[in-house]
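Results of the structural survey
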Amino acid sequence: MPYDLGATVRLTAECRDPDGTLTTAATAVVTVTLPDGTTATPTVSETSTGVYEAEHVTTAAGRHTVRWVWTGPAAAYTDVLDVRPEAPPAVISLADARAHLNLTGTRDDDEVRYWNTVATRVVEYYVGPVVVRTVVEQHTLRSVPTVVLRRTPVLELTAVDPVLTAGSGYDPGDLGVDTATGEVYRLDGGRLTGRLRFTYTAGRTVIGENITGAARIILEHLWRTQRAGRRGGLAGGGEDYSVTEPIPGLGYAVPNRALQLLEPDRLPPGVA
């Protein structure tokens with residue numbers, strides 16, 4: 001499961017000889033490669049014969065690679081870990097997710113948070129950004145009256161910078177934005193040109209109950225299906241959460257009732 005940014009991750013690995021027996025190595029090194037390519041080498045300790053441990057304090061969000069290397073005997077092990085951004089995307093809170101799944105304890109919180117994030121991604125697949133985030137995208141314009149940003153609704157256009165050193169950008173104050181469609185235009189009626197990098201905020205400051213309701217249904221559906229053979233799953237099932245036909249792009253991941261709730265805010269065909 002992903003870790004929170006700033007959390008301490010306890011890394012563990014086992015050193016085994018060619019026969020598969022746990023063995024104390026002459027040397028043990030673990031290297032954590034961060035998303036930006038920089039590395040960290042936490043201090044390693046042996047907690048029992050052949051079992052090694054290190055602690056890494058997360059400083060960047062994204063995918064990390066963990067590489068263990070031992071000598072005497074020669075052995076290696078590679079793994080990955082994911083770190084959530086400081087403000088992870090979630091349509092509903094952990095407390096609301098836990099309550100909807102009828103969970104009274106916190107034992108399953110990491111798993112609930114994971115599937116809650118998945119449910120959020122599914123919701124945003126249909127209605128566009130819900131959780132507020134910064135978006136950066138490039139457009140190459142050849143004297144056009146408008147440009148349409150890809151992620152809507154748009155809350156604020158914060159910068160329009162040239163991609164090329166020799167180019168020029170625009171002051172966001174000189175531009176108008178249709179927040180619903182993402183259409184950007186010059187207030188003086190002029191035309192836009194250049195290879196430009198647009199930075200803007202997208203998402204919703206007020207989230208409709210139909211969206212949060214759909215997120216709850218999708219979360220419950222995903223939780224139900226992946227825990228079908230385990231104790232502690234939700235009782236029942238019923239037709240309310242059934243998926244009668246595959247959904248383009250998402251297969252059977254979305255119950256039809258959730259789609260019906262999202263319909264008022266659904267993106268036009270061809271818009272992703």
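In what follows, the structure referred to is the one given above.
Now for a look at the structure at hand.

**Observations regarding the packing of aromatic side chains**
Overall, the coordinates contain four aromatic pairs when judged by the stated rule. Seen from their ring centres, Y52 and W70 are 6.0 Å apart, and the 55 degrees between their planes marks the pair as tilted. Residue Y52 is located in strand β5 (residues 51-57), and its partner W70 is located in strand β6 (residues 62-71); the two are separated by 18 residues in the primary sequence. Its relative accessible area of 4% is what places Y52 among the buried residues. Of the residues examined, W70 reaches a relative accessible area of 2% and is grouped as buried. In this structure an aromatic cluster arises from ring pairing among Y52, W68 and W70.

**A look at the layout of surface pockets**
The volume enclosed by the largest pocket comes to roughly 290 Å³. Considering the residues around the largest pocket, the lining is formed by 13 residues, among which P2, P85, P89, T117 and R121 are closest to the centre. For the lining of the largest pocket, the elements supplying multiple residues, two or more each, are β7 (75-83) and α2 (109-127). Per-element tally for the lining of the largest pocket: the top contributor is α2, with five residues.

Cut-offs used in this document
Residues numbered from 1 in each chain as written. Predicted model: local features only at pLDDT ≥ 70, side-chain atom pairs only at ≥ 80, totals over all residues. Heavy atoms only, no water. Phe/Tyr/Trp six-rings, centres within 6.5 Å; stacked < 30°, edge-to-face > 60°. Helix = DSSP H or I, 4+ residues; strand = E, 2+ residues; numbered from the N terminus. Buried < 20%, exposed > 50% of the residue type's maximum accessible area, 1.4 Å probe, protein only. 1 Å grid on protein atoms, 1.4 Å probe; cavity = no way out; pocket = protein on both sides within 12 Å on 5 of 7 lines; lining within 4 Å. Points joined across faces, edges and corners; volume = space filled by probe spheres on them.

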